[in-house]
Amino acid sequence: MKEIFLAGGCFWGTEHFLKQVEGVVETEVGFANGRTENPTYKEVYTDQTGYAETVRVNYDEQVVSLEFLLGLYFMAIDPTSLNQQGHDVGTRYRTGIYYTSPADLSVIESVMAEQQEKANGKIVVEVEPLRNFYPAEEYHQDYLDKNPDGYCHLPLELFAFARQARMKPWQ
């Protein structure tokens, strides 16, 4: 199993999108790379803690590669929008790729370079080692499964796309 931490705006939709992908074994929403210990959602919501709403993604690299996952991640974000995704605004909604294995950095940098070539503007996605991660409260976990009509900035078609996404043998 491998893991990567992805911040893509509101973590409810980002988690729901990523958990649909074949090879993703487990997801958990929480807060990454902030300045305090054991933050609550209420504290993070103030934008005073430095945390980003983030999804921990555990995946089977025999089924899905980091490169493929990151390609899907870029489909779900506006990589040129600073501290905003959809109607969600604030530093907690910034985009970021936080890695735990230094070996992943070359893959991340390669994907970032490819995405920059496609982007209309400068990409502002943070790429940093994971400094800390705290799970969000239980009611945030699998939120859109528990609340199918809950708010999400991602289009429903994206979830269907993720369920059908398969890595090609050469990836």
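Here the structure is a predicted model, which is why all the values come from computation and not from measurement. (Residues numbered from 1 in each chain as written. Predicted model: local features only at pLDDT ≥ 70, side-chain atom pairs only at ≥ 80, totals over all residues. Heavy atoms only, no water.)

Considering the pattern of salt bridges
Threshold: A pairing counts as a salt bridge when a side-chain nitrogen of Lys or Arg comes within 4 Å of a carboxyl oxygen of Asp or Glu. Segments assigned H or I by DSSP are reported as helices when at least four residues long, segments assigned E as strands when at least two residues long, and all are numbered from the N terminus. Residue exposure (1.4 Å probe, protein chains only): buried if accessible area is under 20% of the type maximum, exposed if over 50%, otherwise partly exposed.
For the structure on display, the rule yields nine salt bridges. A salt bridge links aspartate 47 to arginine 92, with the nearest nitrogen and oxygen atoms 3.0 Å apart. Highlighted residues: aspartate 47 in the loop between α2 (41-44) and β3 (52-59) and arginine 92 in the loop between β5 (88-89) and β6 (95-99), separated in sequence by 45 residues. On the basis of relative accessible area, aspartate 47 is assigned to the partly exposed category, the value being 23%. Residues joined by salt bridges that share partners form a network here, namely Lys19, Asp142 and Asp145.

Some points on the pairing of strand β2 (residues 24-32)
To keep it simple, the criterion reads: Here, a strand pair is defined by DSSP locating no fewer than two bridges between the strands.
Most of β2 sits inside the fold, with seven of its nine residues counted as buried. As paired elements, β2 and β3 share eight bridges and run antiparallel to each other. Within β3, the residue paired with phenylalanine 31 across the bridge is glutamate 53. As paired strands, β2 and strand β8 (residues 133-135) are joined by three bridges and run antiparallel to one another. Across the sheet, phenylalanine 31 pairs through a bridge with tyrosine 134, a residue of β8.

The values reported here are purely geometric and, on their own, carry no functional implication.
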